[in-house]
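Inside the fold
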Amino acid sequence: MRNGEVSYWWQARGGFPARRPSLPGPLEADVCIVGGGYTGLWTAYYLAGLRPGWRIVVLEAAFAGYGASGRNGGWVTAALPGSRARYARAAGGAAGVRALEEALRSTVDEVGRVCAAESIDCDFTKGGTLAVATSPAQLARMREGLAGIREWGDGEDIYQYLSRDETRARVNVAGALGGLYAPASARIQPAALAAGLAAAAERRGVEIYEATPASLIEPAGAARGAAAGGAAAGAVARTKFGDVRARSVLRCTEGYTAALPGLRRALLPMNSHMVVTEPLAPAAWQEIGWAGCETLGDEAHAYMYAQRTADGRIALGGRGVPYRYGSATDHLGMTDPSTVTALTRVLRRMFPAAASAGIEHAWCGVLGVPRDWCASVTYHPASGMGWAGGYTGHGVAAANLAGRTLADLVTGEKSELSTLPWVGHRSRTWEPEPARWAGVHGLYALYRLADRLESAAPDGTGNAQVRVGEALGRVGDKISGIPH
Ligand SMILES: Cc1cc2nc3c(=O)[nH]c(=O)nc-3n(C[C@H](O)[C@H](O)[C@H](O)COP(=O)(O)OP(=O)(O)OC[C@H]3O[C@@H](n4cnc5c(N)ncnc54)[C@H](O)[C@@H]3O)c2cc1C
């Protein structure tokens, strides 16, 4: 089994991409984007479309798509990256939240549209998302969630409840008792999207400099110092190769943000881990079904996510070791053996037909989690500084919407995107260590215990353990503020 090497997705494309040059020296640009993942690349792509004459520069610490964008589960999901209740506190109230959700649903099609227009071959298939309940407690939670969804006003066109048989007719998950199907979701090969998007941005004239980490981002006025007399327009990204000065400098570093000076507690780098099987035999696919290529998840507290890959494998992910002390990040996606074992167990439990398939590759990555679990797209015209991220694991579609929104904010284009409730959203900072580490690890220990207790009684009825499990899960949600 291969471990790390950034991700299966990159290795399936024949290895790491050819490196682009590093920043040749100090330069001036209209816009400087720090981070070459989906957020940075989509922002650059749309900005270059709106302002073809602008000099737009992307600085990337490793290579475009090195981060979560080249490692994720490939769900282009319209799921809200945050809590309805919290976003509803913005000026737009509930109507604003509905607008954000609608924008996310249409973003799934926008990603597909650009992939077609730019000939980005990333296996984009709009098969929807299927959440399965594999225990009575999960089913009860799913039904409760559905009642809330209907109360909110979302009908069958957005979420459909599926019976046990309807669920298994889509994907034959062992023990599935029911499902929730959301059509607004697609499956992709993540690294193929990152690579294709970088190339599409370059065709629009965007300059991407790789192996170029920014060591500091600050307003140009701060860089010159008070003695220079007043604030200079714009901002600066400092690198070992020289400074990039620009009217706007946008931080698109999501799970890696904590490494930048002054931002250690802004976004927590949450680990997510994945394994991928060898290609399954046709008989196994006949048993499993999954002809619609739905992205697949469950209702566990420490949930799993999966996709049927275009090359006939199952790629499955979950939390594993959730967080590294001091907001450290992984080395090239290397994953600890206990997490690989745990994910393999989940895979074999859900798909007995794949039980004999070998695991070919395991890897991990970091996603950015704000303290209130709500993403933000922020731009300050006065300083020229902005950022987007904190999608809490729902970043593939959200990064496209965030990129379009940042592009509108930077150009000053009046659009309905610039009034969505995540624009300017602020979250408080995370606790200092060791509280941060203890809190996240304690929370996931609680979630795992809740999952174990919930699945203790197969019939799930009247079992005290199950009730305790459900209660612990609710306590976990209360402590974390995770909006379920
Ligand atoms: C294993 C895993 C599975 C996931 N599955 C899904 C999924 O199925 N669906 C979904 O919607 N979301 C998923 N996510 C989350 C999603 O992938 C991310 O939210 C999204 O890709 C974030 O994109 P980004 O561009 O903001 O960040 P990233 O893709 O992480 O890009 C940030 C980039 O910034 C660079 N960088 C960092 N610091 C600096 C610096 N100082 N200077 C220059 N460059 C810097 C990094 O090298 C990196 O390339 C998953 C994440 C992981 C890790």
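To be clear, the structure that these remarks concern was listed above.
This structure is a prediction, so every number in the text was calculated from the model and none was measured.

Focus: the overall build of the chain
Within the chain, the regular secondary structure consists of 13 helices and 19 strands. Against the compact-globule benchmark of 23 Å for 484 residues, the chain has a radius of gyration of 22 Å, which places it among compact chains. Taking the principal axes of its C-alpha atoms as reference, the chain extends roughly 75 × 45 × 45 Å. A fraction of 77% describes how many contacts in the chain between residues 6 or more apart in sequence connect residues 24 or more apart. Averaging the coordinates of the 49 positive side-chain charges in the chain and doing the same for the 44 negative ones gives two points 4 Å apart.

Here's the deal with helix α5 (residues 136-152)
Relative to the 24 Å expected for 17 residues at 1.5 Å per residue, α5 spans 24 Å between its end C-alpha atoms, a close match to the ideal helical length. Taken together, the buried positions of α5 are Ala137, Gln138, Leu139, Met142, Leu146, Ile149 and Trp152.

Some remarks on the pattern of salt bridges
The full count for this structure, using the stated rule, is 25 salt bridges. A salt bridge links glutamate 210 to arginine 20, with the shortest nitrogen-to-oxygen separation between them at 2.9 Å. One end of the pair, glutamate 210, is in the loop between β9 (207-209) and β10 (214-219); the other, arginine 20, is in the loop between α1 (8-11) and β2 (27-34), and 190 residues separate them in sequence. A salt bridge links glutamate 102 to arginine 105; the shortest N-O distance between them is 3.0 Å. On the criterion of helical spacing, the pair formed by glutamate 102 and arginine 105 is a turn pair, its members being three residues apart in helix α4 (residues 93-117). Judged by its relative accessible area of 43%, glutamate 102 falls in the partly exposed class. We classify arginine 105 as buried; its relative accessible area is 18%. Via salt bridges that share partners, Arg20, Glu202 and Glu210 belong to a single interconnected network.

Overview of the nonpolar core
Of all hydrophobic cores here, the largest spans 76 residues; its most connected members are Ile33, Tyr38, Trp42, Leu193, Leu250 and Trp422. Looking at this core, the element that brings in the most residues is helix α11 (residues 395-411), giving ten residues. Setting aside anything within four residues of it in sequence, one finds tryptophan 422 in contact with Pro81, Tyr87, Leu100, Ala375, Ser376, Val377, Tyr391, Ala398, Leu401, Ala402 and Thr405. Counting 28 residues, the second largest nonpolar core, distinct from the first, contains Val132, Leu162, Leu316 and Val340.

Some words on the packing of helix α12 (residues 435-454) against helix α13 (residues 464-480)
In contact at an axis separation of 7 Å, α12 and α13 are set at 155° when each is read in the N-to-C sense. What the angle tells us is that α12 and α13 run roughly antiparallel. Here α12 and α13 pass one another in a crossing that is left-handed. Judged by residue contacts, Leu443, Leu446, Tyr447, Leu449, Ala450, Leu453 and Glu454 of α12 engage Gln465, Val466, Val468, Gly469, Glu470, Leu472, Gly473, Val475, Gly476, Asp477, Ile479 and Ser480 from α13. When grouped by side-chain class, the residues that make up the contact of α12 with α13 number eleven nonpolar, five polar and three charged.

A short note on the site of the ligand
By nearness alone, 37 residues border the ligand, and Thr39, Glu60, Ser69, Ala214 and Val396 come closest of all. A distance of 3.5 Å separates an oxygen atom of the ligand from a polar atom in the backbone of glycine 67. One of the backbone nitrogen or oxygen atoms of valine 396 is found 2.8 Å away from an oxygen atom of the ligand. In the complex, 97% of the free accessible area of the ligand, which totals 1000 Å², lies under the protein chains. Elements represented by at least two residues in the shell around the ligand include exactly α2 (38-50), β4 (75-77), β17 (359-369) and α11. Among the elements that take part in the shell around the ligand, β17 stands out by supplying three residues, more than any other. Counted by class, the shell around the ligand contains 17 nonpolar, 17 polar and three charged residues.

What counts, and at which threshold
Residues numbered from 1 in each chain as written. Predicted model: local features only at pLDDT ≥ 70, side-chain atom pairs only at ≥ 80, totals over all residues. Heavy atoms only, no water. Helix = DSSP H or I, 4+ residues; strand = E, 2+ residues; numbered from the N terminus. Rg over C-alpha atoms; globule rule 2.2 N^0.38 Å. Contact = heavy atoms within 4.5 Å. Lys, Arg positive; Asp, Glu negative; His and termini not counted. Charge placed at Lys NZ, Arg CZ, Asp CG, Glu CD. Expected span 1.5 Å × (residues − 1). Buried < 20%, exposed > 50% of the residue type's maximum accessible area, 1.4 Å probe, protein only. Salt bridge = Lys/Arg side-chain N within 4 Å of Asp/Glu carboxyl O. Core = buried A, V, L, I, M, F, W, Y, C linked by side-chain atoms within 4.5 Å. Axes fitted to C-alpha atoms, helices over the stretch in contact; angles between N-to-C directions. Parallel < 35°, antiparallel > 145°, perpendicular 65-115°, else oblique. Left-handed = near helix turned anticlockwise from the far one by under 90°. Nonpolar A, V, L, I, M, F, W, Y, C, P; charged D, E, K, R; others polar. Near = heavy atom within 4 Å. Polar contact = N/O pair within 3.5 Å; in protein donor to acceptor, adjacent residues only side chain to side chain. Areas by Shrake-Rupley, 256 points an atom, 1.4 Å probe, with all protein chains shown as cover.

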